[in-house]
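Structure at a glance
One-letter residues, chain by chain:
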Amino acid sequence: MSAHADLVRSQGKTLVFVPTMGFLHEGHISLMEIGLAHGNHLVVSIFVNPAQFGPTEDLDAYPRNMERDLALCQKAGAAAVYTPDSSKMYGPGFETRVIQEALPNHLCGLSRPRLFSGVTTVVTKLFNTVKPHVAVFGEKDFQQLAIIRRMTLDLDFDIKIVSGPTVREQDGLAKSSRNSYLSPEQRRNATALYRCLEETRNKAASGQVDAQRLLQEAKEKIQSVPEAAIDYISIVDPDTLEDVARVDKPSLMAMAVFVGKTRLIDNMLLYPPG
Ligand code: PAJ
């Protein structure tokens, strides 16, 4: 991969990179399309990164379909797909992690303590090997995007970070590789996340800006859904990810909810009236 990147760069091409954990869906494909608007040599990586899964999480169960993924990458215009294996990624004696101080201590980082150091570590390694000019990340994982932007600045990566909007199913459920875990009934119930975000966005836009009250009502709504268990629902400053008391400027509503055993995340920006 590294030699390929050197060759591509020496040809004066603009190398764009979309890192993924595979089991690709339209959300991933949309990032590839956005990438190709920013460069002319698209590299996709497919790597289910053990370093970002906790000991009780779904590493082994994580859905995989390499053959289908490769065909989708080719169709989307990828010039190369990088599929490292874990024993090479984390060879004998591996012991270094990239750790960020503040941004991981919110939202998903609180219930998944190794998630973001696993992400920053693997993305650093991928950046060093793929050597992209541009890298594309999804707003669906808003906290991850914020962390990658911060890391890119802090560690002087000469890479432009571009984001892509969340791609949804027709009924609003954010596309996710993990949606494949849901039973048909759970799949129907899972639309509650999006409906709740939309309802809250409408309330904020019509002047109900007290965050505690918005959150209380949102939690009641989610709690009424069969098999749903809230991990967190928060309204935060989109830059610092710290809780806000009022939606008096654009604020991020983010949630993680278990539907059965499947942990789903979603988010939406809330805007005050006007
Ligand atoms: P993965 O969950 O496969 O997601 C890869 C990229 O696709 C991420 O940037 C994610 O935000 C984006 N994405 C996922 N669902 C999306 C949707 N519905 N709409 C738009 N974009 C979507 O995120 C990871 O992998 C990993 O943490 C990774 C960055 C690859 C590091 O291991």
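Below or above, wherever it landed, is the structure these notes cover. Bear in mind that the values here come from a model prediction, so they are computed numbers and not experimental data.

Another aspect to go through is the overall build of the chain. Looking only at helices and strands, the chain has ten helices and eight strands in total. For 274 residues, the compact-globule estimate of 2.2 N^0.38 gives 19 Å, and the chain sits close to it at 19 Å. A total of 274 residues make up the chain; the buried ones form 53% of that total. For the chain, the accessible area works out to roughly 13200 Å², and carbon and sulfur atoms hold 50% of it. Once the 30 positive and 32 negative side-chain charges of the chain are each reduced to a mean point, those two points are 3 Å apart.

Another point: helix α10 (residues 211–223). Since the α-helix turns once every 3.6 residues, residues separated by three or four places project in the same direction. Helix length check: α10, at 13 residues, gives a terminal C-alpha distance of 18 Å against a target of 18 Å (1.5 Å per residue), a fit within 8%. Among all positions in α10, only Ala-211, Leu-214, Leu-215, Ala-218 and Ile-222 are buried. Along α10, the residues classed as buried sweep out an arc of 95 degrees about the axis, all on the same side. Structural note: α10 exposes Gln-212 and Gln-223 on the side pointing more than 90 degrees away from its buried face. Next to the buried residues of α10 lie α9 (192–205), β6 (228–236) and β7 (251–259).

Here helix α6 (residues 115–130) crosses helix α7 (residues 142–154) at 50 degrees, and the two axes come no closer than 11 Å. As summarised for this structure, α6 and α7 are arranged oblique, according to the angle between their axes. Like other packed secondary-structure pairs, α6 and α7 cross with a definite hand, here right-handed. Of the residues in α7, those in contact with Phe-116, Val-119, Thr-120, Val-123, Thr-124 and Phe-127 of α6 are Gln-143, Gln-144, Ile-147, Ile-148, Met-151 and Thr-152. Looking at the contact of α6 with α7 residue by residue, the classes come out as seven nonpolar, five polar and no charged.

Inspection of every chain in the model, using the stated rule, returns 15 salt bridges. Across the salt bridge formed by Asp-6 and Lys-131, the nearest N and O atoms sit 2.7 Å from each other. In this pair, Asp-6 sits in helix α1 (residues 2–10) while Lys-131 sits in the loop between α6 and β4 (134–138), placing the two residues 125 residues apart along the sequence. Note that Arg-150 is salt-bridged to Asp-154, the shortest N-O span being 2.8 Å. In this pair, Arg-150 and Asp-154 both sit in helix α7, four residues apart, roughly one turn of the helix. Residue Arg-150 is classed as partly exposed on the basis of its relative accessible area, which comes to 39%. One salt-bridge network, in which partners are shared between bridges, spans Glu-199, Lys-203, Arg-213, Glu-217 and Lys-221.

Not every one of the 20 residues close to the ligand is listed here, only the nearest: Gln-52, Gly-138, Asp-141, Gln-144 and Val-167. Contact distances for the ligand include 2.6 Å between an oxygen atom and a side-chain N or O atom of Gln-52. Lys-175 places a polar main-chain atom, nitrogen or oxygen, 2.9 Å from a nitrogen atom of the ligand. Mapped onto the shell around the ligand, the elements with two or more residues apiece are β1 (15–20), α2 (26–38), α6 and β4. Top element by residues in the shell around the ligand is α2. It accounts for three residues. Its residues assigned to classes, the shell around the ligand comprises eight nonpolar, nine polar and three charged.

About the cut-offs
Counting restarts for each chain: residues are numbered from 1 in the order of the written sequence. The model is predicted, so local features are restricted to residues of pLDDT at least 70 and side-chain atom pairs to those at 80 or more, both for listing and for counting; the totals for chains, interfaces and linings are taken over all residues. In computing side-chain properties, one takes all heavy atoms of the structure into account and sets aside hydrogens as well as water. Only DSSP runs of H or I with at least four residues qualify as helices, and only runs of E with at least two residues qualify as strands; both kinds are numbered from the N terminus onward. When we talk radius of gyration, it's over C-alpha atoms, and the globule rule is simply 2.2 Å times the number of residues to the 0.38. Throughout this description, buried means an accessible area under 20% of the type-specific maximum (1.4 Å probe, protein chains only), exposed means over 50%, and partly exposed covers the range between. Note on areas: these come from Shrake-Rupley sampling with a 1.4 Å probe, and a residue is covered only by the protein chains present in the view. Asp and Glu are treated as the negative residues and Lys and Arg as the positive ones, with His and the ends of the chain left uncounted. Working definition for charges: the position is that of NZ of Lys, CZ of Arg, CG of Asp or CD of Glu. By this rule the span expected of a helix is its residue count minus one, scaled by 1.5 Å. Summarising the geometry, the arc corresponds to the directions from the helix axis toward the C-beta atoms. Only heavy atoms enter the contact rule, under which two residues are in contact if any of them lie within 4.5 Å. Interaxial angles span 0 to 180 degrees and are taken between N-to-C directions of axes, which are lines fitted to C-alpha atoms, for helices over the stretch in contact. Working rule for angles: under 35 degrees goes down as roughly parallel, over 145 as roughly antiparallel, 65 to 115 as roughly perpendicular, anything else as oblique. Handedness of a crossing follows from how the near helix is turned relative to the far one, being left-handed for an anticlockwise turn of less than a right angle and right-handed for a clockwise one. In this count, Pro and Cys sit with the nonpolar residues alongside Ala, Val, Leu, Ile, Met, Phe, Trp and Tyr, while Asp, Glu, Lys and Arg are called charged and the others, Gly among them, polar. By definition, a salt bridge exists where a carboxyl oxygen of Asp or Glu is found within 4 Å of a side-chain nitrogen of Lys or Arg. Being near a molecule or strand, for a residue, comes down to having at least one heavy atom within 4 Å of it. N or O atoms within 3.5 Å of each other form a polar contact, as long as, within protein, one can give a hydrogen and the other can take it, and as long as residues adjacent in sequence are counted only when both atoms are side-chain atoms.

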